[in-house]
Amino acid sequence: MIRDITLGQYYPAKSVLHELDPRVKLAATLIFVVSLFVAKGPVGYALATVFLGIVIRLSKVPFRFMTKGLKSIVMLLMITVVFNLFLLDGDVVFWHFGFLRITDRGIRTAVMVGIRLIYLILGSSVMTLTTTPNDLTDGLEKLLSPLKKIHVPVHDMSMMMSIALRFIPILLEETDKIMKAQIARGADFESGNLIQKAKAMIPLLVPLFFSALRRAMDLALAMEARCYHGGEGRTKMKPLKYESKDRTAYAVIWIYLAAMIVIGYGRQIYGWIPFI
Amino acid sequence: MSIKVKNVSYTYSEGMAYEVHALKDVNLEIPDGQFVGLIGHTGSGKSTLIQHLNGLLRATEGKIYFNGKDIYGDKYPMRELRSKVGLVFQYPEYQLFETDVLKDVCFGPRNLGYSQKEAEEKAKRALRMVGMGEEYDSSSPFELSGGQKRRVAIAGVLAMDPEVLILDEPTAGLDPRGRDEILDQISYLKRERGITVILVSHSMEDVARYVDRLIVMNQGQVRFDGTPKEVFRHYRELEEIGLAAPQVTYLMQELKEKGARVDTDATTVEEAADAIAAWLGGQEQL
């Protein structure tokens, strides 16, 4: 069902992660993504797995909720894994047929890329599931505020983003409702070939666009009625402030990244990898 | 010919933190040609229940029979069920999408496999039935007023010639006049075509005047089921579950408490007036 999309959906719970400053979570997600790309070899991935596991555990969000986000990238995942598996050249060739071949390097890269993608989605799901859209954009605005000096409309961008995020669940619900209404009128969204399916979407898309536009106009009017005029001189009701747990979280994530770098590049830099 | 709901339970997001038991062991039988009011507070499960009746939602537990056949049975023609049990959702005007009114109303019959000509005939009949004149046939549905849009949307379901018409809060967001017009139209339809009508509402006043039978839902269960008079006798319990009997019920109860020997079963203003007149008349004779 359409409701099952979790990206950008907040999961209410009381956990350490939920209480962290959104800036920390944003930075940590970015650092985690970087760490996935510096990771090398099984030890690096093991550390990433343990780290992600602990974070997911701390978030108190049921694991099933996060894996739902993965469903949307299944196709992408399959394609990348298959391409890497069959097309990469390597030292040892296990099987080959025409230009297709399975090599040691192919297997390694396919597994690595697969894990990277899955962790990428899981990691960012943890952030969006534990942070309300409002907090998220507040954090983003604050993090990017130095860019205001070079006339980047940071406030406007973050406002647009928070509105967009806020409307995702609303529009999903609306889609669900319109879909049901049209099914009740005998519409068929499932059978038929691609063209028939695309045509069948019209009774869904027209009302959806119409209602999205209507909502946008209502919102614009409501904002204007409250004298909204952009970020100039605007203050926050709850300004973001770092607390001790945020500093701890920063320390943890930087130590984690450092460990990943040492594991990944230790051999090149120092000629040895610690602990192995 | 009837709808039979047997031990139906439904759970949203089963196994999730958001798990909601929307329906709990609901049993109902709705015979042909009845005008039923389905009443309940927001979140009482009434909208969930009606979506089961035409197979849009599948019960987590229990069975539903339409005209004696199990709708969850193998090879049960769901599309046919949806044409026989017409469901008009809340704010149905948001489902309009075609370039003109007639085409939009044709959408249902066309999906059922009728030819363009037959569909247009059915659409025109349905449009006249909800009081939309020929002059609107070629106008864009997006240019109509709120009440007109809603009628067109109702016509869109009527054009499929349903045996059972279910309307979810058809008067929500309409002004008193629009509300009365829609309700009168529905009760006219019911008389004219002899179909079963299930009217979902949270307003007792709205439905008391029209329906033969009232079903009150609370927290996913059927709380009361009977004629409006029978149900309104439980006006204190109704209050407990966030509903209220029509104002006249309170008036009559209070009159009775003050010593007037009036018939407290009056459910409409007219009946109440008659009851009071009868009591006053009776007194004068004494």
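Residues numbered from 1 in each chain as written. Chains lettered and ligands numbered in written order. Predicted model: local features only at pLDDT ≥ 70, side-chain atom pairs only at ≥ 80, totals over all residues.

What am I meant to see in the packing of helix H7 (residues 133–144) of chain A against helix H8 (residues 154–184) of chain A here?
Packed helices, taken two at a time, are described by their axes: the angle between them and the distance between them. Residues and elements named next belong to chain A. Their axes nearest at 9 Å, the elements H7 and H8 cross at an angle of 160°. By the criterion of interaxial angle, the relationship of H7 to H8 is roughly antiparallel. The handedness of the crossing between H7 and H8 comes out as right-handed. Between H7 and H8, the residues in contact are Pro133, Asn134, Thr137, Leu140, Glu141 and Leu144 and Val154, His155, Ser158, Met161, Ser162, Leu165 and Arg166, respectively. Residues of the contact of H7 with H8, tallied by class, amount to six nonpolar, five polar and two charged. (Axes fitted to C-alpha atoms, helices over the stretch in contact; angles between N-to-C directions. Helix = DSSP H or I, 4+ residues; strand = E, 2+ residues; numbered from the N terminus. Parallel < 35°, antiparallel > 145°, perpendicular 65-115°, else oblique. Left-handed = near helix turned anticlockwise from the far one by under 90°. Contact = placed C-beta atoms within 7 Å. Nonpolar A, V, L, I, M, F, W, Y, C, P; charged D, E, K, R; others polar.)

Where do I start with the sheet that holds strand E8 (residues 196–201) of chain B in this structure?
Across a sheet, strands are paired by hydrogen bonds formed along the backbone, either parallel or antiparallel in direction. Residues and elements named next belong to chain B. Judged by pairing direction, the sheet is mixed, and its six strands sit side by side in the order E6-E7-E8-E3-E9-E10 without closing on themselves. Across the chains shown, the open sheet's two edge strands, defined by having one partner strand only, are strand E6 (85–88) and strand E10 (221–226). Neighbour-to-neighbour, the strand axes of the sheet open up by a mean angle of 15°, direction not taken into account. Looking at chain direction, strand E7 (residues 164–168) and E8 are connected through five bridges and run parallel. Paired with Val164 across the bridge in E8 is Thr196. (Pairing = 2+ DSSP bridges.)

Could you clarify how one ought to interpret the sheet that holds strand E2 (residues 20–31) of chain B in this entry?
All names here are of chain B. Across the sheet, four strands lie side by side as E2-E1-E4-E5; this open sheet has antiparallel pairing. Each of the sheet's edge strands pairs with one partner strand only, and the pair in question is E2 and strand E5 (69–70). Sheet topology note: the strand E4 (residues 61–66)/E5 ladder contains two bridges and is antiparallel. Residue pairing across strands places Tyr65 opposite Asp70, the latter belonging to E5.

Would you mind showing me how to read the domain arrangement of chain A here?
Quite often, the size of an interface is put as the accessible area lost when its parts meet. Residue and element names in this part refer to chain A. Domain parsing of chain A yields domain 1 (1–131 + 242–276) and domain 2 (133–240). Put simply, the middle of domain 1 and the middle of domain 2, counted by C-alpha atoms, are 28 Å apart. Across the contact, 11 residues belong to domain 1 and 15 residues belong to domain 2. Looking at the side of domain 1 that touches domain 2, its residues break down into five nonpolar, three polar and three charged. (Domains from an automatic or database assignment.)

I'm lost on the interface of chain A and chain B in this one. Help?
In this assembly, 17 residues from chain A lie in contact with 22 residues from chain B. Of all the secondary structure elements, the ones that give two or more residues to the side of chain A that touches chain B are H8 and helix H10 (202–225) of chain A. It is H8(A) that contributes the most residues to the side of chain A that touches chain B, seven residues altogether.

Just checking my understanding: could you explain the nonpolar core for this structure?
As a rule of thumb, nonpolar side chains are buried together in soluble globular proteins. With 75 residues, the main nonpolar core has B:Val105, B:Ala155, B:Ile166, B:Ile198 and B:Leu199 as its most contacted residues. Here this core gets six residues from one element, more than from any other, and that element is helix H5 (residues 146–158) of chain B. If sequence neighbours within four positions are ignored, B:Leu199 has contacts with B:Val36, B:Gly37, B:Leu38, B:Leu167, B:Ile186, B:Val207 and B:Val211. With 22 residues, the next largest nonpolar core counts A:Val24, A:Phe51, A:Ile56 and A:Met66 among its residues. (Core = buried A, V, L, I, M, F, W, Y, C linked by C-beta atoms within 7 Å. Buried ≥ 20, exposed ≤ 12 C-beta atoms within 10 Å, placed from the backbone.)

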